[in-house]
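# Commentary on secondary and tertiary structure
Chain by chain, the residues run as shown.
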Amino acid sequence: MKPDDPLLKILACPLDKGPLRLLAETAGQEEALYNPRLQRRYPIVDGIPQLLPSSGEQVPDDEHEELLRRMAP
């Protein structure tokens, strides 16, 4: 998924219905969508976002801080 993909504008977190941020693939981490409000990450498998509530994983506080720094403009 690309950062300018129009699909990103309509995808929402299944729990709070808010917007999600794209996390690009990095060493050791697959591409994912992230909800910084709930600290939940949703995987993207074969280009398809997995947005079931049970698909999301809680992100620990230290990793959350790192993700916020990576997403900052």
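Residues numbered from 1 in each chain as written. Predicted model: local features only at pLDDT ≥ 70, side-chain atom pairs only at ≥ 80, totals over all residues. Heavy atoms only, no water.

- For the protein, the name recorded in an unreviewed UniProt entry is UPF0434 protein GCM10023086_03320, with Streptomyces venetus as its organism.
- If you open the UniProt record of the protein and go to Sequence similarities (unreviewed entry), you find "Belongs to the UPF0434 family." (UniProt positions renumbered as here; feature names shortened; annotations may be inferred.)

### Things to note about the overall build of the protein
- A tally of helices and strands in the protein yields two helices and five strands.
- The C-alpha atoms of the protein give 11 Å as radius of gyration, which agrees with the globular expectation for 73 residues (11 Å, within 12%).
- Seen along its three principal axes, the alpha-carbon backbone of the protein occupies a region of about 30 × 25 × 25 Å.
- Here the protein holds 73 residues, and the buried ones make up 33% of them.
- Summarising the internal contacts of the protein: among those between residues at least 6 apart in sequence, 30% fall at separations of at least 24.
- Charged side chains in the protein number 9 positive and 13 negative. The centres of these two groups are separated by 6 Å. (Helix = DSSP H or I, 4+ residues; strand = E, 2+ residues; numbered from the N terminus. Rg over C-alpha atoms; globule rule 2.2 N^0.38 Å. Buried < 20%, exposed > 50% of the residue type's maximum accessible area, 1.4 Å probe, protein only. Contact = heavy atoms within 4.5 Å. Lys, Arg positive; Asp, Glu negative; His and termini not counted. Charge placed at Lys NZ, Arg CZ, Asp CG, Glu CD.)

### What to know about the environment of Val45
- Mapped onto the fold, Val45 is located in strand 3 (residues 40-45).
- Of the residues examined, Val45 reaches a relative accessible area of 42% and is grouped as partly exposed.
- Linking Val45 and Ala32, residues 13 residues apart in sequence, is a C-alpha distance of 8.5 Å.

### Points about the pairing of strand 3
- Here four bridges tie strand 2 (residues 32-35) to strand 3, and the two strands are oriented antiparallel to one another. Following the sheet pairing, Tyr34 is matched in strand 3 by Arg41.
- In textbook terms, the turn of a hairpin is the stretch between consecutive antiparallel strands, and for strand 2 and strand 3 this stretch comprises four residues, one of which, Gln39, has a positive phi near 55°.
- One ladder, built from two bridges, connects strand 3 with strand 5 (residues 57-58); its direction is antiparallel. Within strand 5, the residue paired with Arg41 across the bridge is Glu57.
- Hairpin geometry of strand 3 and strand 4 (residues 48-49) is characterised by an intervening segment of two residues between the two adjacent antiparallel strands and by a positive phi of about 50° at Asp46. (Pairing = 2+ DSSP bridges.)

### What to know about the pairing of strand 2
- Covered by surrounding structure in strand 2 are Ala32 and Tyr34 together with Leu33 and Asn35, the residues of both alternating faces.
- Sheet analysis places strand 1 (residues 21-23) next to strand 2, joined by three bridges and oriented antiparallel. The residue of strand 2 that forms the bridge with Arg21 is Tyr34.

### Description of the side chain of Glu31
- Looking at where Glu31 falls in the secondary structure, it is placed in the loop between strand 1 and strand 2.
- Summary of buried charges: Glu31 has no salt-bridge partner, and the nearest side chain of opposite charge, Arg70, is 9.7 Å away.
- Once residues lying within four places of it in the same chain are set aside, the contact partners of Glu31 are Met1, Leu22, Leu23, Ala24, Glu25, Pro43 and Ile44. (Salt bridge = Lys/Arg side-chain N within 4 Å of Asp/Glu carboxyl O.)

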